[in-house]
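# Coordinate analysis (summary)
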Amino acid sequence: MPEQAPPGIDTSVATAARMYDYYLGGKDNFAVDREAAERVLAAAPEVRPIAVENRRFLQRGVRYLAEQGVTQFLDIGTGLPTQGNVHQIAQEHDPTARVVYVDNDPIVLVHARALLSTDSATRVVTADLRDPDEVLDAAAGLLDLSRPFALLMAAVLHFVPDEDRPHELVARYRDVLPSGSHLLLSHVTGDTRPQSSAGAAAAYRNTRNPATLRTVEQIAAFFGDFALVEPGLVPVPEWRPDTPAPSEHENIWMYGGVGRKP
Ligand SMILES: C[S@@+](CC[C@H](N)C(=O)[O-])C[C@H]1O[C@@H](n2cnc3c(N)ncnc32)[C@H](O)[C@@H]1O
């Protein structure tokens, strides 16, 4: 039986949000997404643990930020709701914490609305990070952007190709952040497993979200002059693990870090 898609959702082309949902064991994906995701996994089976570790990194990062007193979060490239979403972790620490979620895939809004319908401290917006004015205008509806906030860009910037000048875009966001704000990001690299990461990136070419691998140096440049908090930019499982993590993570070619604006 053909799968029923919500109105306005195109199921003819795979999208990164729905493929990521599939890696994480979610049900908000369609045949086209599962087929594309299986092609990625055939080239690089480690993509599934990378997705899981990335999600854990994001959750530890948000907990860390909440413990630093951060109460405002702008999460760009949210993905589909799963367990331990940003607002749940932030509000566990401070029930008044506010979160604006931004994603350019309309499926995110469809599912997030259902999850968040009763929560006035959380908003979900369909917008593209390549339009910072639109994103920031939408965020200003709930967050006070004149006070420090955390900008989250987990596993999203590799979906911005070089021709869209991702470093200039992130610099625009960094400029807007008040002093004392944080930037959390993660990004895939081709540095440690060039063959399988290139195979995975090639498998994304025919999806709605082609992926670009970047060197660890290029990923570090997204932080500009922000001070990286310990342990710096590292494979995501090594970022402040809850339990001592083994130190060999070549297979996890997703790097993550958190920087603070001076
Ligand atoms: C791999 S998911 C990451 C989800 C979540 N941030 C995490 O780390 O668990 C990447 C998300 O970025 C979104 N995305 C890709 N390009 C985008 C863009 N230009 N603007 C906004 N969102 C984008 C995709 O739709 C997808 O939901």
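Quick caveat, the model's predicted, so the values are computed rather than measured.

Turning our eyes to something else, we now look at the packing of aromatic side chains. Per the stated rule, a full pass over the model turns up three aromatic pairs. For the pair tyrosine 64 and tryptophan 239, a centre-to-centre distance of 5.6 Å together with 90° between the ring planes defines the contact as edge-to-face. Taken together, the residues tyrosine 64 in helix α3 (residues 47-67) and tryptophan 239 in the loop between β7 (234-235) and β8 (254-260) connect sequence positions 175 residues apart. As far as burial versus exposure is concerned, tyrosine 64 and tryptophan 239 are alike and both buried. Look at phenylalanine 159 and tyrosine 204: their rings are 5.8 Å apart centre to centre, the planes differ by 55°, and that puts the pair in the tilted class. With phenylalanine 159 in the loop between β4 (150-154) and α7 (166-176) and tyrosine 204 in the loop between α8 (194-203) and α9 (216-220), this residue pair connects regions lying 45 residues apart in the sequence. Of the two residues, phenylalanine 159 and tyrosine 204, both sit in the buried class.

Let us now look at the site of the ligand. Around the ligand sit 20 residues in total, of which Tyr20, Asn54, Arg55, Gly77 and Asp103 are the nearest. A distance of 3.3 Å is found between a nitrogen atom of the ligand and a backbone nitrogen or oxygen belonging to asparagine 104. When the ligand is considered free in solution it has 610 Å² of accessible area, and contact with the protein chains removes 98% of it. Broken down by secondary-structure element, the contributors of at least two residues to the shell around the ligand are α1 (16-23) and α3. With three residues, α3 is the single largest residue contributor to the shell around the ligand. The residue makeup of the shell around the ligand, split by class, is nine nonpolar, six polar and five charged.

Rules and cut-offs
- Residues numbered from 1 in each chain as written.
- Predicted model: local features only at pLDDT ≥ 70, side-chain atom pairs only at ≥ 80, totals over all residues.
- Heavy atoms only, no water.
- Phe/Tyr/Trp six-rings, centres within 6.5 Å; stacked < 30°, edge-to-face > 60°.
- Helix = DSSP H or I, 4+ residues; strand = E, 2+ residues; numbered from the N terminus.
- Buried < 20%, exposed > 50% of the residue type's maximum accessible area, 1.4 Å probe, protein only.
- Near = heavy atom within 4 Å.
- Polar contact = N/O pair within 3.5 Å; in protein donor to acceptor, adjacent residues only side chain to side chain.
- Areas by Shrake-Rupley, 256 points an atom, 1.4 Å probe, with all protein chains shown as cover.
- Nonpolar A, V, L, I, M, F, W, Y, C, P; charged D, E, K, R; others polar.

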